[in-house]
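Architecture and fold: a report
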Protein chains: 2
Amino acid sequence: MMAKTLKVELGTRDYPIHIGPGIFTDAELYRPHIAGAQVMIVTNETIAPLYLKRLRQTLSTFDVREVVLPDGERYKTLEVWNRIFDALLNARFARDCTLVALGGGVVGDMAGFAAACYQRGVAFIQVPTTLLAQVDSSVGGKTGLNHPAGKNMIGAFHQPRAVIADTDTLETLPQRELSAGLAEVLKYGFIRDSAFLDWLESHMAELLARDPDALAHAIERSCEIKAHIVAEDEFESGHRALLNLGHTFGHAIEAGAGYGTWLHGEAVAVGTCMAADLSRRIGWLSEADVRRIHHLMVCAGLPTQPPSQLSPERLLELMAVDKKVIGGQMRLVLLKMLGEAAINSDVQRDDLLATLSTHAS
Amino acid sequence: MMAKTLKVELGTRDYPIHIGPGIFTDAELYRPHIAGAQVMIVTNETIAPLYLKRLRQTLSTFDVREVVLPDGERYKTLEVWNRIFDALLNARFARDCTLVALGGGVVGDMAGFAAACYQRGVAFIQVPTTLLAQVDSSVGGKTGLNHPAGKNMIGAFHQPRAVIADTDTLETLPQRELSAGLAEVLKYGFIRDSAFLDWLESHMAELLARDPDALAHAIERSCEIKAHIVAEDEFESGHRALLNLGHTFGHAIEAGAGYGTWLHGEAVAVGTCMAADLSRRIGWLSEADVRRIHHLMVCAGLPTQPPSQLSPERLLELMAVDKKVIGGQMRLVLLKMLGEAAINSDVQRDDLLATLSTHAS
């Protein structure tokens, strides 16, 4: 199996996504993207014992420092984010420094947002170590933090200089996180590519067994679709929003359950089932489509119902805070068919409540 | 006296700077720049009793909310900044909302940075009420916060949709802040326009007496110079850095004295005197030029010496943290002659220490 390189086409800010086994220790993948001598590795307490030492060795020709954050979505806060600035300023890092995010989506979002804001913008490189980060959060330049009142409410668009997705790092991923990553992989099939969806359906067992070739293909195709959509609509003024299938529901579930209780991918899986149900109610999907989506989630080891303590009314309230709401009107990503998503700004409250009630346990 | 409009030329993000008496209550100046219905006014405890009610009335056709921050540079922190997000989220403000910064540089920097980061970027309008904000901080899109280890270390480039500089608001400005603003006005003369410097020298008495025509002219010419420089180099990759004359010294003084003890303009005045002394040491300015700069500062009611507790060694240490340091080499803005600044990356430590010692009391 060979490493492969995709490109995100963003004019002067083009960047490569390298995907393959054993590549995170290849110094040559980093070198072209490190401007000065100073490198700050941002990672967390779970990942540091596994990979930090090898990354430090890989970058040993630079002045490398590190900041190790606590692990988990509930630490994606302003206070924890500030520790990155403490580390950068204690080490007197200048404007030509480079941040390297080593970890999952939370580390990538916080390190990327710190890179966006340190001295009004410095370079950063993503080294995602979870499936979810490799197929989604490390690509596309969305960075940010949670606020108690809503997920990713504070953030910036700040593209990495490179993404280095080492498929070997998935070997240490807990099974629950592997499944959560598959929720985002399935998403690309749902919104854009029914052939990929067929492939995922027939290869789910290999994916769950971490067959390296199957995982590499799934990551590659996911990144291709994401890179293509991001290149067309970097700042989400249009159809980049389609990547948010299931996310407005999902964010409400994450916030309602308490950040960190549910994994992002798990909430997205339930949210996608809700979006599918709503798509059926407005006549876009068939009953059979909805059942197929449910079945895929179950096969991938993902939940299809929200936590029992969340009432439909509470979910609706939490959804109204989500930032996809524009001018008071809720905009939801729904499915016209399997492989084609569209935005609907005209969802009726009754339909929405019916969907939420169906899914409340 | 008529209102005047300048334009900052930034392609698709062009924006107007309106300057004149009584204009902050002209709803028509805001309307073209407010996308949705939701408007959040960000102001502080000093400015709110003076102008908030009239601004609310001016914008009464919109859904207007407000957040009132404590007044002063020492509150330009992550914690206080977060109150803006609390207010936005409590009011369920969406991505098409608009922030209006009503106040001086601190309010403008914090509101602008909140606008840069709320839901990854929303619109904002600057309504600067201090001379310093009208001639400098409200124009050009630099936003940010202080960190205990350095001023403006966390921030973003985020251009306003419009700047509305009402010269009548200067009537309520304390004399010390008027002088602090004049330090930045003088800066434009020093770095770019010796004729303007001559004009300032001969009109200093009118300016200090707040003659409306004199102030309007000073603001207009300052904004013209700044708008021109920003249009050429929005992200400070080149000669926008010339606007930082005296600022590396000044930031060290502000940090060393404790934020809020010294006004930014006061620290810049001392920093400019230091830059002048250093410029003389490397053969760029004459003794007479240096004396003239000192004299202008004194006439404007500004200090020329740093606080007595700051030793030259401590100042040097604080300067090394400043973000103008690139790759360990200190880059300083110095004066080739009155009316022309240049960056010098080759300042000798001995010369710098000699300058700092000369100015230590």
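Parameters and conventions
Residues numbered from 1 in each chain as written. Chains lettered and ligands numbered in written order. Predicted model: local features only at pLDDT ≥ 70, side-chain atom pairs only at ≥ 80, totals over all residues. Heavy atoms only, no water. Helix = DSSP H or I, 4+ residues; strand = E, 2+ residues; numbered from the N terminus. Buried < 20%, exposed > 50% of the residue type's maximum accessible area, 1.4 Å probe, protein only. Areas by Shrake-Rupley, 256 points an atom, 1.4 Å probe, with all protein chains shown as cover. Pairing = 2+ DSSP bridges. Axes fitted to C-alpha atoms, helices over the stretch in contact; angles between N-to-C directions. Contact = heavy atoms within 4.5 Å. Parallel < 35°, antiparallel > 145°, perpendicular 65-115°, else oblique. Left-handed = near helix turned anticlockwise from the far one by under 90°. Nonpolar A, V, L, I, M, F, W, Y, C, P; charged D, E, K, R; others polar. Least-squares fit on C-alpha atoms with pLDDT ≥ 70 in both. Phe/Tyr/Trp six-rings, centres within 6.5 Å; stacked < 30°, edge-to-face > 60°. Buried area = accessible area lost by both parts, 1.4 Å probe. Salt bridge = Lys/Arg side-chain N within 4 Å of Asp/Glu carboxyl O. pLDDT = per-residue confidence, 0-100.

Before going further, it helps to spend a moment on the overall build of chain A. Each helix and strand in chain A was counted, giving 14 helices and 11 strands. On the principal axes, the C-alpha backbone points of chain A span a range of 60 × 40 × 35 Å. Sorting the 361 residues of chain A into buried and exposed places 63% on the buried side. Surface accessibility of chain A: about 12600 Å² in total, with carbon and sulfur atoms responsible for 50%.

Further remarks concern the pairing of strand 10 (residues 332-337) of chain B. Residues and elements named next belong to chain B. Pairing geometry for strand 10 and strand 11 (residues 340-344), over five bridges, is antiparallel. Of the residues in strand 11, the one forming a bridge with methionine 337 is glutamate 340. Here strand 10 folds back onto strand 11, and the loop between the two strands holds two residues, one of which, glycine 339, carries a positive phi near 100°.

This brings us to the sheet that holds strand 6 (residues 123-128) of chain B. Residue and element names in this part refer to chain B. Overall, mixed pairing links the seven strands, which are arranged 1-2-9-6-5-3-4 in an open sheet. Two strands close off the open sheet at either side, each with one partner strand: strand 1 (4-8) and strand 4 (63-69). Between one strand axis and the next, the sheet turns by 20° as a mean value, whatever way the strands run. In this structure, strand 6 lies alongside strand 9 (residues 162-166), joined through two bridges in parallel fashion. Looking at the pairing, isoleucine 125 lines up with alanine 162 of strand 9. The strands touched by helix 3 (residues 78-90) within the sheet are strand 3 (38-44), strand 4 and strand 5 (98-103), with strand 4 carrying the most contacts at an inclination of about 160°.

Here the focus is the packing of helix 7 (residues 194-202) of chain A against helix 9 (residues 212-232) of chain A. Residue and element names in this part refer to chain A. Two elements in contact, helix 7 and helix 9, have axes whose closest approach is 12 Å; the angle formed by their N-to-C orientations is 160°. The angle between helix 7 and helix 9 falls in the class roughly antiparallel. Once helix 7 is placed against helix 9, the crossing between them reads as left-handed. Taking contact as the criterion, the partners of Phe196, Trp199 and Leu200 in helix 7 are, on helix 9, Ala214, His217, Ala218, Arg221, Ser222 and Ile225. Across the contact of helix 7 with helix 9, the residue classes tally to six nonpolar, two polar and one charged.

What follows concerns the environment of His251(B). Summarising the element assignment, His251(B) is placed in helix 9 (residues 247-257). The exposure class assigned to His251(B) is buried, which follows from its relative accessible area of 6%.

On to the relation of the copies chain A and chain B. When chain A is brought onto chain B, the operation consists of a screw motion whose angular component is 180° and whose axial shift is 0.0 Å, with 0.0 Å RMSD remaining. Both chain copies can therefore be described as sitting about a two-fold axis. For chain A, the minimum C-alpha distance to the rotation axis belongs to Leu78(A) and amounts to 3.8 Å. In this assembly, 100% of the residues forming the interface of chain A have copies in chain B that are likewise at the interface, indicating an isologous arrangement.

Looking now at the packing of aromatic side chains. Residue and element names in this part refer to chain A. Taken as a whole, this structure holds 12 aromatic pairs over all chains when the rule is applied. Between the aromatic rings of phenylalanine 157 and phenylalanine 235, the centroid separation amounts to 5.3 Å while the plane-to-plane angle is 90°, which identifies the pairing as edge-to-face. Residue phenylalanine 157 is located in strand 8 (residues 150-157), and its partner phenylalanine 235 is located in the loop between helix 9 and helix 10 (247-257); the two are separated by 78 residues in the primary sequence. A relative accessible area of 21% means that phenylalanine 157 is categorised as partly exposed.

What follows concerns the sheet that holds strand 5 (residues 98-103) of chain A. Residues and elements named next belong to chain A. Taken in spatial order, the seven strands line up as 1-2-9-6-5-3-4 in an open sheet, and their pairing is mixed. The sheet is open, and its two edges are formed by strand 1 (4-8) and strand 4 (63-69), each paired on a single side. Across this sheet, the average inter-strand angle for adjacent strands is 20°, counted without regard to direction. Direction of pairing for strand 1 relative to strand 2 (residues 15-20): antiparallel, over a ladder of five bridges. Counterpart to valine 8 in the pairing with strand 2 is tyrosine 15.

Before going further, it helps to examine the interface of chain A and chain B. In this complex, chain A contributes 34 residues to the contact, which on the side of chain B involves 34 residues. Carbon and sulfur atoms make up 59% of the surface buried where chain A meets chain B, a total of about 3200 Å² over both sides. Counting the contacts that link chain A with chain B gives two salt bridges. Here Glu236(B) and Arg95(A) are joined by a salt bridge, their closest N and O atoms 3.6 Å apart. Taken together, the elements giving at least two residues each to the side of chain A that touches chain B come down to helix 3 (78-90), helix 4 (105-117), strand 7 (142-147), strand 8 and helix 13 (312-321) of chain A. Class assignment for the residues of the side of chain A that touches chain B results in 18 nonpolar, seven polar and nine charged.

What follows concerns unusual backbone geometry. All names here are of chain B. One non-glycine residue with positive phi stands out, namely arginine 120, at about 65°. Within the fold, arginine 120 resides in the loop between helix 4 (105-117) and strand 6. A relative accessible area of 10% places arginine 120 in the buried class. One non-glycine residue, arginine 210, adopts positive backbone phi at about 60°. Tracing the backbone through its elements, the reader meets arginine 210 in the loop between helix 7 (194-208) and helix 8 (212-232).

Moving on to the confidence of the model for chain A. On average, residues of chain A score 94 in pLDDT, and 97% of them are at 70 or above. Here the prediction assigns the complex a pTM of 0.93, and the interface score ipTM is 0.91.

Quick look at the side chain of Asn44(B) now. Residue and element names in this part refer to chain B. When you line up the elements, asparagine 44 lands in strand 3. On the basis of relative accessibility, which here comes to 6%, the residue asparagine 44 falls in the buried class. Other than its neighbours up to four places away in sequence, asparagine 44 contacts Val68, Leu69, Pro70, Asp71, Leu102 and Val107.

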